[in-house]
Amino acid sequence: MNFTVAAFDIGGTLMEYKDMPYCWLDFYENAFRQMRDKLSLPLSDEDLKKSDEVLRSYNPRINYRETDYTPEHIFKDVTAHWDFEFSLPDVIKEFWLAFGLTPYTYPETETVLGRLKALGVKIATLTDVASAMPDEMHKSYFHNLMPYFDLYVSSLSCGYRKPNPKGLEDIAKHFNVSAQDIIFIGDEPKDVETAKRFGCKSVLIDRNNNGAYQGQDFTVRNLKEIEKFFERQN
């Protein structure tokens, strides 16, 4: 095996948010309330409930979708019933700040990414941004990792969420390589499915050693184990 491009999912693969589940629906109500109070908006609890319902309708874990939408698009719908002037960017910002996200980079992540770069491997990402979160805010939670990436691709930048393979197609086009040159590393079944639909090899990170099989080509327990898939590039 001699892959020239390592494509990584980010959340759950390179880092995580402390004490946060995969699905953030239960945090919406409190975030709306904190946003209202922070911006002193004249919103009733019923107004917030309606906004909550609209945002939930966009959550892909409730309503499956592969097409992604910008935060501005989603929050225009979320706030469509508000009958007063307000700053949409401020609403979006304060809503997400209310989550109080605490990022945690896995101990081996930067070491492994550094070693891959030293081997001449091109490093890309393919990450789904939380529905309605701005891409720049998303990147701010792992700013320490950004210098390692030769290409950053997100669901917002490519327009599609996994398991749609558009992001991997963009990566292959950018580096002028074929699917056989790319290996995709992630921690969820949708990561494996994305690789399958694109035609490249997949690695599932099973940090808890659950032994789950999702159709992946390879399974590792941590990032250190992926180094065996690469040889020094000429």
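Structure shown above.
Residues numbered from 1 in each chain as written. Predicted model: local features only at pLDDT ≥ 70, side-chain atom pairs only at ≥ 80, totals over all residues. Heavy atoms only, no water.

So, on to the packing of aromatic side chains. On inspection of all chains with the given rule, the structure shows 19 aromatic pairs. Relative to Tyr106, the ring of Tyr104 has its centre 6.0 Å away and its plane inclined at 85 degrees; by these criteria the two rings are edge-to-face. Overall, the relative accessible area of 32% leaves Tyr104 in the partly exposed class. On the basis of relative accessibility, which here comes to 9%, the residue Tyr106 falls in the buried class. Geometrically, the ring pair formed by Phe218 and Phe229 is tilted, given 4.7 Å between the ring centres and 45 degrees between the ring planes. Highlighted residues: Phe218 in strand S8 (residues 218-220) and Phe229 in the segment after S8, separated in sequence by eleven residues. Classification of Phe229 by relative accessible area gives buried; the value is 2%. An aromatic cluster of three or more residues is present, and its members are Tyr17, Trp24, Phe27, Tyr28, Phe32, Phe75, Phe95, Trp96, Phe99 and Tyr141. Above the ring of Tyr152, the side-chain terminus of Lys139 is found at 5.0 Å from the ring centroid. Just above the ring of Tyr106 sits the side chain of Arg207; from NZ or CZ to the centre is 3.6 Å. (Phe/Tyr/Trp six-rings, centres within 6.5 Å; stacked < 30°, edge-to-face > 60°. Buried < 20%, exposed > 50% of the residue type's maximum accessible area, 1.4 Å probe, protein only. Helix = DSSP H or I, 4+ residues; strand = E, 2+ residues; numbered from the N terminus. Lys NZ or Arg CZ within 6 Å of the ring centre and 35° of its normal.)

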